[in-house]
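Single-letter residue listing:
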Amino acid sequence: MFCFQCEQTAGCSGCTGNAGVCGKSAGTARLQDELTGALIGLARACAGNPKTENTDQIIIDGLFATLTNVNFNDETLRSLIGRVNGEKTIVVPGCSACGSPCKDTENYDMEKLWSDQEDIRSLKSLILFGIRGVAAYAYHAAVLGYTDEEVNNFFYKALSAIAEDWGMEELLPLVMETGKVNLSCMELLDRANTETFGTPAPAEVSLSVEKGPFIVITGHDLYDLKLLLEQTEGKGINVYTHGEMLPAHAYPELKKYAHLKGNFGTAWQNQQKEFADLPAPILFTTNCLMPVKDSYADRVFTTEMVSYPEMVHIGEDKDFTPVIEKALELGGFVEDKEFTGINGGKTVMTGFGHGTVLQAADQVIEAVKGGAIKHFFLVGGCDGARAGRNYYTEFVRQTPADTVVLTLACGKYRFNDLDLGTIGGLPRLMDMGQCNDAYSAIKVAAALAEAFDCGVNELPLSMVLSWYEQKAVCILLTLLHLGIKNIKLGPTLPAFVSPNVLNFLVENYNIAPITTPEEDLKEILAQS
Ligand code: SF4
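Treat the numbers as computed from the prediction; the structure is a model and nothing was measured.

1. What about empty space enclosed by the protein?
Thinking step 1. Going through the model one piece at a time under the given rule, you end up with nine cavities of 30 Å³ or more.
Thinking step 2. The volume enclosed by the largest cavity comes to roughly 360 Å³.
Thinking step 3. Leu-465, Ala-472, Ile-475, Leu-476 and Leu-489 are, among the 31 residues lining the largest cavity, the residues nearest its centre.
Thinking step 4. Only β9 (375–381), α15 (438–451), β14 (461–466), α16 (470–481), α17 (499–509) and β16 (512–513) provide two or more residues apiece to the lining of the largest cavity.
Thinking step 5. For the lining of the largest cavity, the element with the most residues is α16, which contributes seven residues.
Thinking step 6. A breakdown of the residues in the lining of the largest cavity according to their chemical character gives 28 nonpolar, three polar and no charged.
Thinking step 7. Looking at the second largest cavity, it is lined by 19 residues, and the ones nearest its centre are His-220, Glu-244, Asn-287, Cys-288 and Cys-410.
Thinking step 8. In terms of residue class, the lining of the second largest cavity is made up of nine nonpolar, seven polar and three charged.

This is how it looks when you write it as structure tokens:
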């Protein structure tokens with residue numbers, strides 16, 4: 001096997017051998033490659049032939065299934081490969097029986113990519129991993145009935161490019177286009193979420209769990225949470241968010257359910273420890289699923305593209321009865337149980353999306369003009385297991401009292417229970433939501449730039465990002481597409497960025513790896 005798509009890749013260079021660091025077996029990795037190769041074949045088949053009403057969704061499903069920590073199940077991957085190949089025979093009927101095959105629609109052998117010249121491999125990997133992230137966002141928007149032709153059409157263009165014998169001149173613009181298209185996709189998902197569930201408003205969320213039966217739901221899909229809340233209403237079962245589901249508490253149409261009680265646990269990489277003794281089922285709606293330990297294997301349920309061998313999967317009918325029955329059977333804690341965040345806080349705040357922050361725009365602008373707010377930091381991104389990620393806790397802890405910290409995604413669990421106080425009537429630490437709510441950060445930055453009549457790069461705003469999987473890749477590409485410079489990225493740089501591609505990013509965007517909180521803060525504030 002060869003896989004180097006995430007931050008924890010072996011030796012910061014690539015997972016090889018029998019299994020990846022994430023627990024993905026060599027067999028599963030090969031099937032994911034086969035699936036990707038089939039998606040490329042399908043995308044190319046659609047170049048001169050009309051797609052069907054199902055093709056977009058098949059492409060989105062296939063890309064989403066190959067994201068890190070989503071699908072470990074060879075059976076479902078084989079079935080997806082079958083769906084993709086089946087769709088191709090519908091798009092180009094008779095192709096397989098053709099007497100003089102042109103090979104234009106052949107499934108692509110991913111070995112060619114992994115063994116390509118390193119700069120070409122790097123750029124094609126940025127495109128492929130980027131669209132895997134975009135596909136996950138497109139999936140969540142689609143379940144709410146929101147789709148975007150520009151986004152869907154780009155999947156075909158990007159997948160087809162991977163099979164092309166192109167150089168850097170052709171591939172670099174496509175890398176940037178991936179960022180542009182992701183911006184459209186995040187805007188689509190923002191619209192889908194806010195029009196369906198209301199504009200997020202600040203909410204204080206308890207980290208403790210009340211006695212009695214409960215269900216923990218994790219991942220990004222707010223629609224799954226909505227359906228679960230409906231199906232558990234009046235049944236004496238409480239629901240707790242976990243990981244990236246935390247921002248759900250800010251949406252009026254979800255918050256209105258009294259049995260949506262709080263948030264259980266910390267970041268995803270602690271799940272094997274935190275779920276071990278949990279007297280409740282856990283429903284995974286997206287990444288990040290880790291290999292399931294025997295200690296809680298009877299309590300894990302998956303849905304959507306998430307799948308793990310032998311775990312109960314909730315299918316398209318979205319009948320959560322098995323999860324509900326398991327919650328009642330386990331019964332929950334006998335007494336109310338107090339939990340804290342990793343810094344000892346008992347509650348966390350969320351809900352500072354663009355709707356809330358821009359409502360307070362005048363207040364923020366006055367605070368900046370009057371000197372009360374000297375600098376904004378966006379400290380966000382994914383969390384992960386690699387040592388060195390406490391950089392982000394220390395960075396936030398050490399930010400001066402006249403600065404604001406905006407955050408998003410699951411990297412915030414390193415510091416979201418810290419009490420940083422208030423500034424200009426607003427909390428100093430504001431959680432904007434899930435990783436896709438990077439769209440909120442972009443909107444706020446653009447509004448500030450307009451108010452101060454300058455470019456985003458001239459604002460007293462610094463981005464200190466943590467990455468782990470492929471959604472972080474597409475968000476980074478969006479920031480680059482917008483021309484945002486001086487991003488600090490950690491805890492390590494992507495293995496798939498070759499030295500030449502890195503030079504390009506440094507020369508054009510001044511992107512830099514994180515160093516120490518002290519040094520980085522000193523450097524940023526000296527320029528502020
Ligand atoms: Fe390795 Fe990450 Fe690929 Fe898993 S997803 S095999 S950890 S690079």
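2. Regarding the sheet that holds strand β5 (residues 282–284)
Thinking step 1. Ordered by their spatial adjacency, six strands build an open sheet running β4-β3-β2-β5-β6-β7, and the pairing between neighbours is parallel. Looking at strand neighbours, the two that pair on one side only are β4 (260–263) and β7 (312–314), the edges of this open sheet. Across the sheet, the mean angle separating the axes of adjacent strands is 30° when strand polarity is ignored.
Thinking step 2. Alignment of strand β3 (residues 238–242) against β4, held across three bridges, turns out to be parallel. Counterpart to Tyr-240 in the pairing with β4 is Gly-262.
Thinking step 3. Packed onto the sheet, helix α11 (residues 321–330) meets β2 (214–218), β6 (300–303) and β7 and runs at close to 135° relative to β2.

3. Things to note about the pairing of β14
Thinking step 1. By the criterion of burial, β14 is predominantly enclosed, with six of the six residues buried.
Thinking step 2. On β14, burial covers both faces: Leu-461, Met-463 and Leu-465 on one face and Ser-462, Val-464 and Ser-466 on the other are all buried.
Thinking step 3. Here β9 pairs with β14 via six bridges, running parallel. The residue of β14 that forms the bridge with Val-379 is Val-464.

4. With respect to helix α13 (residues 361–369)
Residues three or four positions apart in an α-helix share a direction because the helix packs 3.6 residues into each turn.
Thinking step 1. The set of residues buried in α13 consists of Ala-361, Val-364, Ile-365, Ala-367 and Val-368. Projection of α13 onto a plane perpendicular to its axis shows the buried side chains occupying an angular sector of 160°, all on one side. Within α13, the exposed residues directed more than 90 degrees away from the buried face are Asp-362, Glu-366 and Lys-369.
Thinking step 2. Directly beyond the C-terminal end of α13, a positive phi value near 90° is found at Gly-371.

Reading guide: rules and limits
Residues numbered from 1 in each chain as written. Predicted model: local features only at pLDDT ≥ 70, side-chain atom pairs only at ≥ 80, totals over all residues. Heavy atoms only, no water. 1 Å grid on protein atoms, 1.4 Å probe; cavity = no way out; pocket = protein on both sides within 12 Å on 5 of 7 lines; lining within 4 Å. Points joined across faces, edges and corners; volume = space filled by probe spheres on them. Helix = DSSP H or I, 4+ residues; strand = E, 2+ residues; numbered from the N terminus. Nonpolar A, V, L, I, M, F, W, Y, C, P; charged D, E, K, R; others polar. Pairing = 2+ DSSP bridges. Axes fitted to C-alpha atoms, helices over the stretch in contact; angles between N-to-C directions. Contact = heavy atoms within 4.5 Å. Buried < 20%, exposed > 50% of the residue type's maximum accessible area, 1.4 Å probe, protein only. Arc of directions from axis to C-beta.

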